[in-house]
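Structural overview for review
Chain by chain, the residues:
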Amino acid sequence: TDAISLKAILSDKSEKLNTAISTHRLSIMPMGGTGGLSYYLTMTNQLIGQAVVFIDSDEAAKQAIKKALDQHLINDKNYILCACDGMKNAEFEDAVAIDIYRQAVINEYSVDLNTGKMRNKSKIWSDKVQEVFNDCGKLWDKDVENKIKYVVASCVYKNVKNAIDETKCHVIDSLVSIIEEKL
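Residues numbered from 1 in each chain as written. Predicted model: local features only at pLDDT ≥ 70, side-chain atom pairs only at ≥ 80, totals over all residues. Heavy atoms only, no water.

1. Topic: the overall build of the chain
Selection rule: Helix and strand assignments follow DSSP, with helices taken as H or I runs no shorter than four residues and strands as E runs no shorter than two, numbered in order from the N terminus. With a 1.4 Å probe rolled over the protein chains alone, any residue whose accessible area is under 20% of its type maximum counts as buried; one over 50% counts as exposed, and the rest are partly exposed. What sets the accessible areas is the Shrake-Rupley method with a 1.4 Å probe; for residues, cover comes only from the shown protein chains. Here Asp and Glu are counted as negative and Lys and Arg as positive; His is not counted, and neither are the chain ends. Where a charge lies is defined by one atom per residue type, namely NZ (Lys), CZ (Arg), CG (Asp) and CD (Glu).
Along its length, the chain carries 9 helices and 2 strands. Each helix (α) and strand (β) of the chain, taken in turn from the N terminus, gives the series α-α-α-β-α-β-α-α-α-α-α. Relative to its full complement of 183 residues, the chain shows a buried share of 43%. Roughly 9,800 Å² of accessible area belongs to the chain as shown, and the carbon and sulfur atoms make up 49% of that amount. Charged side chains of the chain number 23 positive and 26 negative; the gap between the two group centres comes to 1 Å.

Spelled out as structure tokens, the structure:
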């Protein structure tokens, strides 16, 4: 789901990236978790050259980046953690403005995410949403989490201009610059 959002955001932020995406010179590859990062980088490096990695800023992602750096699969210039102001750990969804997907979640689940729990900077987005769902008496599991992440990605795609909460996430412009330089 992050790949859907990133494709829309990068296309909106840069005409050069939009052209590269639409002509298939730039591909956004979802990894489905950090466990396969070294594998993806090994394959990418062998087939097309060194990749640029944009990854959540949680402990698993940080360990995967460290491992990839140690194995010389990537260098310091070619990765960006999705950091959010004041958060030790963050997921991509933490960077997304809640206003663009709040109503969609209400419509789909009858759960309003506009609560103080969603502003907790000590927890990642998935953990915060799980708490809100639990408080509302709703089922929470990986399937529900993935469905909600898809709702968020769909809303980002439809509302790309306002998708990123620029008051707490400043790394997207750096990502655009790094990728543009490689093209």
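2. Let's talk about the environment of Val111
As a reminder, the rule being used: Any two residues having at least one pair of non-hydrogen atoms within 4.5 Å are treated as being in contact.
Along the chain, the position of Val111 falls in the loop between helix H6 (102-109) and helix H7 (125-135). If we skip the residues at most four places from it in the chain, Val111 touches Val105, Ile106, Val132, Phe133, Cys136 and Lys138.

3. Looking at unusual backbone geometry
We note that His24 has phi near 65°; this positive angle belongs to a residue other than glycine. By the secondary structure assignment, His24 is in the loop between helix H2 (15-22) and helix H3 (37-47). Taking relative accessible area as the criterion, His24 reaches 72% and is therefore assigned exposed. Although it is not a glycine, Ser110 adopts a positive phi angle of roughly 60°. Tracing the backbone through its elements, the reader meets Ser110 in the loop between H6 and H7.

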